[in-house]
Structure formats: structure tokens, C-alpha cells
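# Results of the structural survey
These are the residues of each chain, in order.
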Amino acid sequence: MDKAIQVFKFGGASVKDAEAVKNVAGILENYKDKSLVVIVSAMGKTTNALEKIVAAYFEKDIEKALSLLEETKIAHYQIMANLFDQNHEIFPMVNDIFVEIEWVLEDDVQDGYDYIYDQIVSVGELASSRILASYLNEKGLSTAWLDTRDVILTDDSFREARVNWEQTQNRAQKQVPALLKNNQFVLTQGFIASNNENQTTTLGREGSDFTAAIYSFCLDATSLSIWKDVPGILTADPRLFDNVTLINRLSYKEAIEMTYYGAKVIHPKTIKPLQNKNIPLFVKSFIDPEGEGTMIDADTNIIEYPPVIVVERNQCLLHISTKDFSFVAEWHLSYLFKLFNEHRIKINMMQNMAISFSVCVTNIPDRIKTLIDTLEKDFKVVKDDNLDLITVRNYREEMLKDLTQGKIVLFEERIRKTIQMVIKNVPSMKWK
Ligand code: ADP
Ligand code: ASP
Ligand code: MG
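The following paragraphs examine the structure supplied in this document. (Residues numbered from 1 in each chain as written. Chains lettered and ligands numbered in written order. Predicted model: local features only at pLDDT ≥ 70, side-chain atom pairs only at ≥ 80, totals over all residues. Heavy atoms only, no water.)

### Quick word on the site of ligand 2
- Around ligand 2 sit Ser41, Thr47, Glu125, Phe191, Arg205, Glu206, Gly207 and Ser208, and that is every residue in its neighbourhood.
- With respect to ligand 2, the side chain of threonine 47 contributes an N or O atom lying 2.7 Å from a nitrogen atom.
- In the environment of ligand 2, an oxygen atom lies 2.5 Å from a nitrogen or oxygen atom belonging to the side chain of arginine 205.
- When grouped by side-chain class, the residues that make up the shell around ligand 2 number one nonpolar, four polar and three charged. (Near = heavy atom within 4 Å. Polar contact = N/O pair within 3.5 Å; in protein donor to acceptor, adjacent residues only side chain to side chain. Nonpolar A, V, L, I, M, F, W, Y, C, P; charged D, E, K, R; others polar.)

Here you go:
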């Protein structure tokens, strides 16, 4: 590879309407002398809308599925109408992409939910990437559109596919530098990939950040920049808290901890590939591109971080106890962990007592229900719903009183500089 490659990622909010697409083109204009790989997500909330189509199809409400599809198509057409003239080739191109969904909906349900989900939901990124690439070319920024399904190879775990790194790296190195020879930018989709049989897979919700890290790793990029609607990484989610401040520097370690605990600003899988190749990550604002943002790298000289608050909503507590008053022994725990793993439920916090074991997990109704059904064969299970899990890294004692004022703390744990609290969620509760 001859020229240093940088990777940029633009999320759904950055391309949510025509003005936003123009703004992205404006940012990219400043990098036209660089070799850039640009990863883009579906426009705005398209993925949520496509998920509803999948649900309607499986409820056998085809009329509803088709009308939801029509709404999504119209939203894209409105954006295109504000970016291109009416005879532009983008219109039939995007139409062909949406037709794929119609074909799925025409048939009776034959395949599994997760497989169909990936075939339908992936259309969001295919459409947005076509629109952005055509717009950049229109503006004189020569951009090659790349189908990321020809690059990122995964296994068959639809909706949460695992990457085959070796093959992906080979394919990325073969295709991307060649495209960059004749174009300023290579533009491709986040979130989606394909398996050995050329079926579309996805990497898990919010997975576009991870896609950007995959390309950065495979191409030995000099940096990854993720463009967000916030000035960078803040001390808490500004949607939930006032008085948040920007953190200019973070180590990979601090960033991976934050995202592990549920900070919604970057997908948790993003950090590892970057850390493994020592590639710096910049989180920058697409609203204020000149702003300093946050730089994440291996820096170990950062002496003190401010307290960082992470709120995971939609939690539940499962209290699992033995039926015969026997102690919860290690072999029970080993069996319980096996069950959690099999049901793909991540334990966010746990505590064991004499005859019971309590865990805080994200409330994913179908998975939790089948887990409880299995558990109840051997244990008594009590479930508490409507909880929030608050994690504060680098907490200071004096801030905890304010944070928990008027709230019921059910469960608390402190380890070194981190405190976690499970809090009863009153419907009207705001953290602000
Ligand atoms: P994208 O469009 O790239 O998918 P996301 O919506 O996934 O962007 O991520 C950006 C959002 O993350 C912000 O709008 C903000 O509300 C939220 N967020 C949560 N925690 C933080 C944090 N600590 N710092 C900044 N943003 C945060
Ligand atoms: N469009 C996908 C989602 O909304 C992937 C992403 O935006 O990161 O989950
Ligand atoms: Mg996101």
C-alpha cells in the first residue's frame, strides 16, 4: 500500500436529511488530498423503520409491512429530490435496492427471523451509501462505491455475525488500495457483511463504528475518525445529564471500560482492533468539524480522569435461589453461567449470597423469558423490572448523593474507582 489511509465514519444522524448530506460533503471537501475510506450508516432512524417491516412480515401483516416500506422509500426519495435532479441515475438505483425488500415480502415466511432480518435491514446502509457516493461524485469528489459484502466475511450468526479477520484483511488489502489509486475516496457501508454463501449478515445494532475499526485494522490506517452529533466523548450522555464536559484525551483502556459499561457513544467492539494496531481514534463533531474532539490512544500518562457516568436503561434483576435452602455452590454458578451464555444474555452486575444469586441484565423479553423457563426447572426465580444500571468510573464520594437523590438504590457495588448501582426507574424519572 503506497499512500497512508485514513478511515472516516459517519453515523445515521450525520446523514439524516439532505442538509446533513451536504454538510458531510462539506467536511470531506477538506480532505480531498487524502486517501480516505468512508464508512456510512443508514440515514437517520432507517434501521429502526426497517426492523418494524421485519416484525410486520413475521406477524403476517403484509399490508402493514408494505406501507412501512413505502414510508421509508418516500423518506429516501425526498432526500434525493433535494440533492439531485430528477433524471439522475440515483433514483432507479435506490429503487432497485428497495425492490429487494418487496421480493422478500412477496414470499410466505420460510426462513428464520434473524436471516430475514439481515436481508431486509441491510438495505438501509446500501441506500445511504449509494446516495452519499453519488452526491460526492456530483460535487466533483471522485468516490468509488464499494460493496462491503465483498470485503467483510463473517460466519452465519445472522444479526450478530463474527468476522473472519484473515479473509477480510486479504480482501480489504486487495480491493481498497486499488480503488484509491483512481479515486479520492472509497465509500462503503457500515454494519453489514456477508457469509461464505454470499448471504448478507449484520454485525449487531450500532455496528458501523465496528466496521470502521475493521477497515482501519485491515488497512493499517493511520487513524480512524468517527463523526458524531456531540463535540466528542463527554463525561455523560448529554441527553440524560446537564453540565457534561468534553474529555479531550482517553486511553484505549478507559474507552473500552466506558463502552463496556454501556456508554452509547461508541460501539464496544470498536476499541480492540484499534488498540491491537495502535491506531488512534478521533471522535469529532460533524456540527463543529473544527472542534478539538476526543483523541483515544495508548497514552498512559493521563494522570486523572473526571468522573464519567454511564446509564444503561431497560434493566432487570433476576434473583435466583435454590428451592431446598441449600447453599448456592460453585457447581450451581458454573451451570448458571453456562445457561446465560447459551441464551446470549450478558451479565451486567452480579452478587451471590447464601442461598441466592442475583444478576442485573438487559431486559430482552424473549431471551429472558426462555432463560427463566429453563431456570425454573431447578431454581426459584424472582424478577424485578424497570431498572436502570448506573456506572460511575472515577467516582467521587460527594457526587453520589446528588446522583441518587430521590431514587431507590436496590443494589450497589464498588470496585476500586468504579461504582455500580441498580436503581428503580420511576417512569417520569430524568437524570437531568
Ligand atoms: P451515530 O450517529 O454515529 O450512530 P450515536 O447516536 O450512536 O451516533 O452516538 C452519539 C450519541 O451518543 C450522542 O448523541 C449522545 O446522546 C450519546 N452519548 C451517550 N453517552 C455519551 C458520552 N459519554 N459522550 C458523548 N455522547 C454520548
Ligand atoms: N444502522 C445500524 C443501526 O442503526 C448501524 C449503525 O448505525 O451503526 O444499528
Ligand atoms: Mg451509533
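### Topic: the packing of aromatic side chains
- Going through the model one piece at a time under the given rule, you end up with 14 aromatic pairs.
- On the numbers, 6.1 Å between centres and 85° between planes, the contact of phenylalanine 84 with tyrosine 135 is edge-to-face. A residue pair is termed long-range when its members are at least 10 positions apart, and phenylalanine 84 in the loop between α3 (62-81) and α4 (90-106) and tyrosine 135 in helix α6 (residues 123-138) qualify at 51 residues. Both residues of the pair, phenylalanine 84 and tyrosine 135, belong to the buried class.
- Between the aromatic rings of tryptophan 165 and phenylalanine 210, the centroid separation amounts to 6.3 Å while the plane-to-plane angle is 65°, which identifies the pairing as edge-to-face. Linking tryptophan 165 in helix α7 (residues 165-182) with phenylalanine 210 in helix α8 (residues 208-218), this pair joins segments that are 45 residues apart in sequence.
- When its relative accessible area of 30% is taken as the criterion, tryptophan 165 is described as partly exposed.
- By way of ring pairs, the aromatic residues Phe8, Phe10, Tyr31 and Trp227 are connected into one cluster.
- Above the ring of phenylalanine 217, the side-chain terminus of lysine 277 is found at 4.1 Å from the ring centroid. (Phe/Tyr/Trp six-rings, centres within 6.5 Å; stacked < 30°, edge-to-face > 60°. Helix = DSSP H or I, 4+ residues; strand = E, 2+ residues; numbered from the N terminus. Buried < 20%, exposed > 50% of the residue type's maximum accessible area, 1.4 Å probe, protein only. Lys NZ or Arg CZ within 6 Å of the ring centre and 35° of its normal.)

### Structural notes on the sheet that holds strand β13 (residues 356-362)
- Taken in spatial order, the six strands of this open sheet run β12-β13-β11-β14-β16-β15, and their pairing is antiparallel. Because the sheet does not close on itself, it has two edges, and the strands there are β12 (347-352) and β15 (409-415). Strand after strand, the sheet turns through a mean of 25° between neighbouring axes, direction not considered.
- In terms of strand pairing, strand β11 (residues 308-322) meets β13 through seven bridges, oriented antiparallel. (Pairing = 2+ DSSP bridges. Axes fitted to C-alpha atoms, helices over the stretch in contact; angles between N-to-C directions.)

### Regarding the nonpolar core
- One finds Phe10, Leu28, Ile53, Ile101 and Ile120 to be the most contacted residues of the largest nonpolar core, which totals 53 residues.
- Apart from the residues within four sequence positions on either side, isoleucine 120 is in contact with Leu50, Ile53, Val54, Ile101, Val104 and Leu105.
- Val163, Val186, Phe210 and Ala213 belong to the second largest nonpolar core, which has 46 residues in total. (Core = buried A, V, L, I, M, F, W, Y, C linked by side-chain atoms within 4.5 Å. Contact = heavy atoms within 4.5 Å.)

### Here we look at the packing of α4 against α6
- Interaxial distance between α4 and α6 falls to 10 Å at its minimum, and their mutual angle equals 175°. Our classification of the angle between α4 and α6 gives roughly antiparallel. In this structure, α4 uses Ile90, Met93, Val94, Ile97, Phe98 and Ile101 to contact α6, whose residues at the interface are Val123, Leu126, Ala127, Arg130, Ile131 and Ser134.
- Taken together, the residues of the contact of α4 with α6 break down into ten nonpolar, one polar and one charged. (Parallel < 35°, antiparallel > 145°, perpendicular 65-115°, else oblique.)

### Brief notes about the state of the cysteines
- As enumerated under the stated definition, the model contains zero disulfides in all.
- Distance from the sulfur of cysteine 360, which forms no disulfide, to the nearest cysteine sulfur (cysteine 316) is 7.2 Å. (Disulfide = S-S within 2.5 Å.)

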